[in-house]
Amino acid sequence: MPADTAPRTSNISVRRGEPLVVIDHVDKYFGDLHVLNDINTVVNRGEVVVVIGPSGSGKSTLCRAINRLETIDSGTITIDGDVLPEEGAALAKLRADVGMVFQSFNLFAHKTVLENITLAPIRVKRMSRKDAEAKAMELLERVGVADQAKKMPAQLSGGQQQRVAIARSLAMNPKLILMDEPTSALDPEMINEVLDVMVELAEEGMTMIVVTHEMGFARKAADRVLFMSDGAIVEEAVPAQFFDHPTTDRAKDFLSKILAH
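Remember, predicted model here, so these are calculated numbers, not experimental data.

**Student:** I tried to follow the nonpolar core on my own but got confused; where do I start?
**Tutor:** When a protein is soluble and globular, its nonpolar side chains tend to lie buried together. With 51 residues, the main nonpolar core has Ile52, Leu140, Ile166, Met179, Met208 and Phe242 as its most contacted residues. Looking at which element gives the most residues to this core, the answer is helix α6 (residues 188-203), with nine residues. Residue contacts for Ile52: discarding those within four places in its chain leaves Lys59, Thr212, Met215, Val225, Leu226, Phe227, Met228, Phe242, Phe243 and Phe254. Of all hydrophobic cores here, the second largest spans 27 residues; its members include Ile23, Val211, Leu226 and Met228.

Structure, rendered in structure tokens:
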């Protein structure tokens, strides 16, 4: 294999850099429910991995486990060579390197859009207010809401709030962005404005793990699709392979239901 050939993930060649996230034999239970069942996968630097599957399949739990918003019961998660810390300053540092965009935006209601974005860079990265605000305005411009900088979150549409949330995660210069169903709380006409930003990030080489029901985004922007069911990764493939030639009955059944509409 030539030295410049991308590493392999399972049996799939991916086109970008070295491993950034390594998930090794991860299990998690909620009581008797086995919500993550022996999860093994690698996400390479610059890769976009989309996680799909039916409700209750463990997608969001996996996403949240990667920055320890959910603990795991066994196995390891490694980010950029470091095993995920359990608590304390090391965990805080890791979270500063891993952006998270939630379904429900999670903006601070009592702070302006600009203040929402500058808060963490000033407090965590010790940036000056002037530099933080300049960076924030660049990011707001990039996601198309620079004219909303002085407004409160409640004055924005859902799509605008989610674009602010994406800008907020980018303000920390993360190595990785986790997105947990970022469009599922949005009205249909607002979904595309958020997906457009996500596609741009993918094209720019941002490493992303995205839990979503948006199959068009998965086809367009993903390097790889993970299909989960009953807490396990059932199928893993490049988008064209997964959508056009799924290999498992569970994936075929899932796709037949969602692509029929």
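**Student:** Looking at this model, I keep getting lost on the pattern of salt bridges. Mind explaining?
**Tutor:** Two side chains carrying opposite charge are able to pair once their charged atoms lie near each other. With the rule as written, the count across this model stands at 14 salt bridges. Measuring nitrogen to oxygen at the nearest pair gives 2.8 Å for the salt bridge that ties Asp80 to Arg45. In this pair, Asp80 sits in the loop between β6 (74-79) and β7 (82-83) while Arg45 sits in the loop between β4 (33-44) and β5 (48-52), placing the two residues 35 residues apart along the sequence. Residue Asp80 is classed as partly exposed on the basis of its relative accessible area of 27%. With a shortest N-O distance of 3.6 Å, Asp253 and Arg250 are connected by a salt bridge. In this pair, Asp253 and Arg250 both sit in helix α9 (residues 249-258), three residues apart, roughly one turn of the helix.

**Student:** What exactly am I supposed to notice about the confidence of the model for the protein here?
**Tutor:** Low-pLDDT stretches of the model should not have their predicted coordinates read in fine detail. When pLDDT is averaged along the protein, the result is 89; 93% of the residues meet or exceed 70. Considering only residues more than four positions removed or in separate chains, one finds that residues 1-15, a stretch of pLDDT under 50, has 28 contacts.

**Student:** I keep staring at the UniProt feature "domain: ABC transporter" (unreviewed entry) in the protein and nothing clicks. Help me out?
**Tutor:** UniProt's feature table lists "domain: ABC transporter" (unreviewed entry) at residues 21-255, given in the numbering used throughout. Helix makes up 39% of residues 21-255 and strand 26%, whereas the separation of the span's terminal C-alpha atoms amounts to 27 Å.

**Student:** Hey, could you run me through the packing of helix α3 (residues 113-123) against helix α5 (residues 158-170) in this one?
**Tutor:** Running from amino to carboxyl end, α3 crosses α5 at an angle of 25 degrees, the nearest separation of the two axes being 8 Å. Our classification of the angle between α3 and α5 gives roughly parallel. As for how α3 packs across α5, the hand of that crossing is right-handed. Taking contact as the criterion, the partners of Val113, Asn116 and Ile117 in α3 are, on α5, Val164, Ala167 and Arg168. Considered class by class, the residues forming the contact of α3 with α5 number four nonpolar, one polar and one charged.

**Student:** Would you explain the packing of helix α4 (residues 129-142) against α5 in this entry?
**Tutor:** In a pair of packed helices, the angle between the axes and the distance between the axes together describe the arrangement. Closest axis-to-axis distance for the α4/α5 pair is 9 Å, and the angle between their directions is 135 degrees. Looking at the two axes, α4 sits oblique to α5. Here the hand of the crossing between α4 and α5 comes out right-handed. Along its contact with α4, which presents Lys135, Leu139, Leu140 and Arg142, the element α5 presents Val164, Ala167 and Leu170. For the contact of α4 with α5, the residue count by class is five nonpolar, no polar and two charged.

Reading the values: rules and limits
Residues numbered from 1 in each chain as written. Predicted model: local features only at pLDDT ≥ 70, side-chain atom pairs only at ≥ 80, totals over all residues. Heavy atoms only, no water. Core = buried A, V, L, I, M, F, W, Y, C linked by side-chain atoms within 4.5 Å. Buried < 20%, exposed > 50% of the residue type's maximum accessible area, 1.4 Å probe, protein only. Helix = DSSP H or I, 4+ residues; strand = E, 2+ residues; numbered from the N terminus. Contact = heavy atoms within 4.5 Å. Salt bridge = Lys/Arg side-chain N within 4 Å of Asp/Glu carboxyl O. pLDDT = per-residue confidence, 0-100. UniProt positions renumbered as here; feature names shortened; annotations may be inferred. Axes fitted to C-alpha atoms, helices over the stretch in contact; angles between N-to-C directions. Parallel < 35°, antiparallel > 145°, perpendicular 65-115°, else oblique. Left-handed = near helix turned anticlockwise from the far one by under 90°. Nonpolar A, V, L, I, M, F, W, Y, C, P; charged D, E, K, R; others polar.

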